[in-house]
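# Examination of the molecular architecture
What follows is the residue order along each chain.
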Amino acid sequence: MKMAIIKLPIDESLPAYVNESIVTLEELVRSDHFSAFEKLARLSKGEILVLKILLLQGGTTTPTEISKAMNSTKGRVSAVLNALEKKGEVTRAIDKDNRRNIIVTLTDSGREHVMNELQSGYRTMTHIFEELGEQDSAEFIRMLTKVFKLMNETD
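Here's a quick rundown of the structure. (Residues numbered from 1 in each chain as written. Predicted model: local features only at pLDDT ≥ 70, side-chain atom pairs only at ≥ 80, totals over all residues. Heavy atoms only, no water.)

### A closer look at the overall build of the protein chain
- In terms of helices and strands, the protein chain carries 6 helices and 3 strands.
- Counting helices and strands in the order they occur from the N terminus, the protein chain gives α-α-α-β-α-α-β-β-α.
- Sorting the 155 residues of the protein chain into buried and exposed places 21% on the buried side.
- Sequence-distant contacts, at least 24 apart, represent 49% of the contacts inside the protein chain between residues at least 6 apart.
- When the accessible surface of the protein chain is summed, it comes to about 11700 Å², and 57% of that surface belongs to carbon and sulfur atoms. (Helix = DSSP H or I, 4+ residues; strand = E, 2+ residues; numbered from the N terminus. Buried < 20%, exposed > 50% of the residue type's maximum accessible area, 1.4 Å probe, protein only. Contact = heavy atoms within 4.5 Å. Areas by Shrake-Rupley, 256 points an atom, 1.4 Å probe, with all protein chains shown as cover.)

This is the structure we're talking about:
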């Protein structure tokens, strides 16, 4: 299904390169090429991030620790854990030492899933940086860092 093209208002008072860059960026985001970026972005949010946090924590942690690591709300973490539990990728149990705490444990299925996702993302990034080369890779990282910083300034 093809997405409808939305014409952005052009501010004629801005330099032409700004408007042209906005239009080009919008075209890139709507293109098939953007799906690769979305795939990499999945590694830094939602279910994959929770699985990654569990993996880095040795396979067990608490929802509170996951929430802190994700910089997310406990409600969001709970929703993600519910979905992962339904898929059999995590289990939750009451902490025997402190019944007020819940212990989240990564299952073998969850471990396999997150490892596959991380390896796929690593292969993709390796390919990208090898093709870009040392200088372009450094410039890409420099520019991306600057873009993220500028985006945070406008919020």
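### A short note on the pattern of salt bridges
- All told, the structure shown has 5 salt bridges when counted by the stated rule.
- Of the charged contacts in the structure, one is a salt bridge between K87 and E47, with a shortest N-O distance of 2.6 Å. Pair noted here: K87 is in the loop between α5 (74–86) and β2 (90–94) and E47 is in helix α3 (residues 46–56), with a separation of 40 residues, a long-range link.
- Look at K87 and you get partly exposed, because its relative accessible area is 49%.
- Under the relative-accessibility criterion, E47 is labelled partly exposed at 24%.
- E153 is the partner of K149 in a salt bridge, and the nearest nitrogen-oxygen pair spans 3.9 Å. With K149 and E153 both in helix α6 (residues 108–153) and 4 residues apart, this pair spans about one turn of that helix.
- K149 gets classed as exposed once you look at its relative accessible area, which sits at 54%. (Salt bridge = Lys/Arg side-chain N within 4 Å of Asp/Glu carboxyl O.)

### Comments concerning a nonpolar patch on the surface
- On the surface, L25, L28 and V29 cluster together into a nonpolar patch covering about 260 Å² of accessible area.
- Mapped onto the elements of the fold, L28 is located in helix α1 (residues 16–30).
- On the accessibility criterion, L28 (45% relative accessible area) is partly exposed. (Patch = residues over 30% accessible without salt bridge, like charges linked within 9 Å, V, L, I, M, F, W, Y side chains within 5 Å.)

### Quick look at α6
- Relative to the 68 Å expected for 46 residues at 1.5 Å per residue, α6 spans just 41 Å between its end C-alpha atoms, considerably shorter than the ideal helical length.
- Where α6 bends most, the angle comes to about 115 degrees, and this point is G133.
- If you check which residues of α6 are buried, you get G110, V114, E117, S120, G121 and S137. (Expected span 1.5 Å × (residues − 1). Bend = angle between axes of the 7 residues up to and from the residue.)

### So, unusual backbone geometry
- The residue N71 is not glycine, and still its phi comes out positive at about 55 degrees.
- Note on N71: relative accessible area 75%, which makes it exposed.

### Describing the packing of α3 against helix α4 (residues 63–70)
- Where α3 contacts α4, the axes come no closer than 10 Å and their chain directions differ by 115 degrees. Read as a crossing pair, α3 and α4 show a hand that is right-handed. Touching G46, L49, V50 and I53 of α3 are I66, A69 and M70, all from α4.
- Class assignment for the residues of the contact of α3 with α4 results in 6 nonpolar, 1 polar and no charged. (Axes fitted to C-alpha atoms, helices over the stretch in contact; angles between N-to-C directions. Left-handed = near helix turned anticlockwise from the far one by under 90°. Nonpolar A, V, L, I, M, F, W, Y, C, P; charged D, E, K, R; others polar.)

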